[in-house]
Amino acid sequence: QVQLVESGGGLVQPGGSLRLSCVASGSISSINAMGWFRQAPGKQRELVAGITDGGITKYGDSAIGRFTISRDSAKDTVYLQMISLKPEDTAVYYCNAGYTPLYYRGPYKYWGQGTQVTVSS
C-alpha cells in the first residue's frame, strides 16, 4: 500500500499563487507516476497534471501555461506550482499515484485525502 498526504492548500486571491505538496510513503517502489486531480462542487474529478519518474509530464487543459508539476524522488514528493489562479480553480485537489510502463496515463490506484484550494477576493 501507498499513503499520500497533501499539503499547501488554502485561500488565495485571484491572480495569486500556491504550491501544493504531496508526500508518498509505504510501498514506494510500487509507484513511478504521481499527479494531481481536482474536483469542484458539482463537477467531475479532472486531471490537473501528472509526472513519471522518467520526467514525462501530462497537463490538463486548465493547467497549461499556469501550473507546473515537479517531483523530488529523493523525498518521494510531488509538487504543483500554481500561478495566476482564477476563481474557477477553486476545488479540492487530490494527489494520485501508481505504476505506468512509460507515459503518464492516470488516474492510478492510490489517492490522497485532498486539500482545499479556494480562489476568492
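Residues numbered from 1 in each chain as written. Predicted model: local features only at pLDDT ≥ 70, side-chain atom pairs only at ≥ 80, totals over all residues. Heavy atoms only, no water.

Student: Pulling in residues and values, what's your account of the state of the cysteines?
Tutor: Scanning all chains against the criterion turns up one disulfide. Here cysteine 22 engages in a disulfide with cysteine 95; their sulfurs sit 2.0 Å apart. Given an S-S torsion of about -85°, the disulfide between cysteine 22 and cysteine 95 has left-handed geometry. Of this pair, cysteine 22 sits in strand β3 (residues 18-26) while cysteine 95 sits in strand β9 (residues 91-98), placing them 73 residues apart in sequence. Of the two residues, cysteine 22 and cysteine 95, neither departs from the other in class, the shared state being buried. (Disulfide = S-S within 2.5 Å. Helix = DSSP H or I, 4+ residues; strand = E, 2+ residues; numbered from the N terminus. Buried < 20%, exposed > 50% of the residue type's maximum accessible area, 1.4 Å probe, protein only.)

Student: Give a detailed account of the sheet that holds strand β1 (residues 2-7), specifying residues and quantitative values.
Tutor: The antiparallel open sheet is built from four strands, whose spatial order is β1-β3-β8-β7. Of all strands in the sheet, those bounded by a partner on one side alone are β1 and β7 (67-72). Averaged over all pairs of adjacent strands, the angle between their axes in this sheet comes to 15°, without regard to strand direction. Looking at chain direction, β7 and strand β8 (residues 77-82) are connected through six bridges and run antiparallel. Within the sheet, the bridge partner assigned to threonine 68 lies in β8 and is glutamine 81. (Pairing = 2+ DSSP bridges. Axes fitted to C-alpha atoms, helices over the stretch in contact; angles between N-to-C directions.)

Everything listed here is a matter of coordinates, which is why it stays silent on function.
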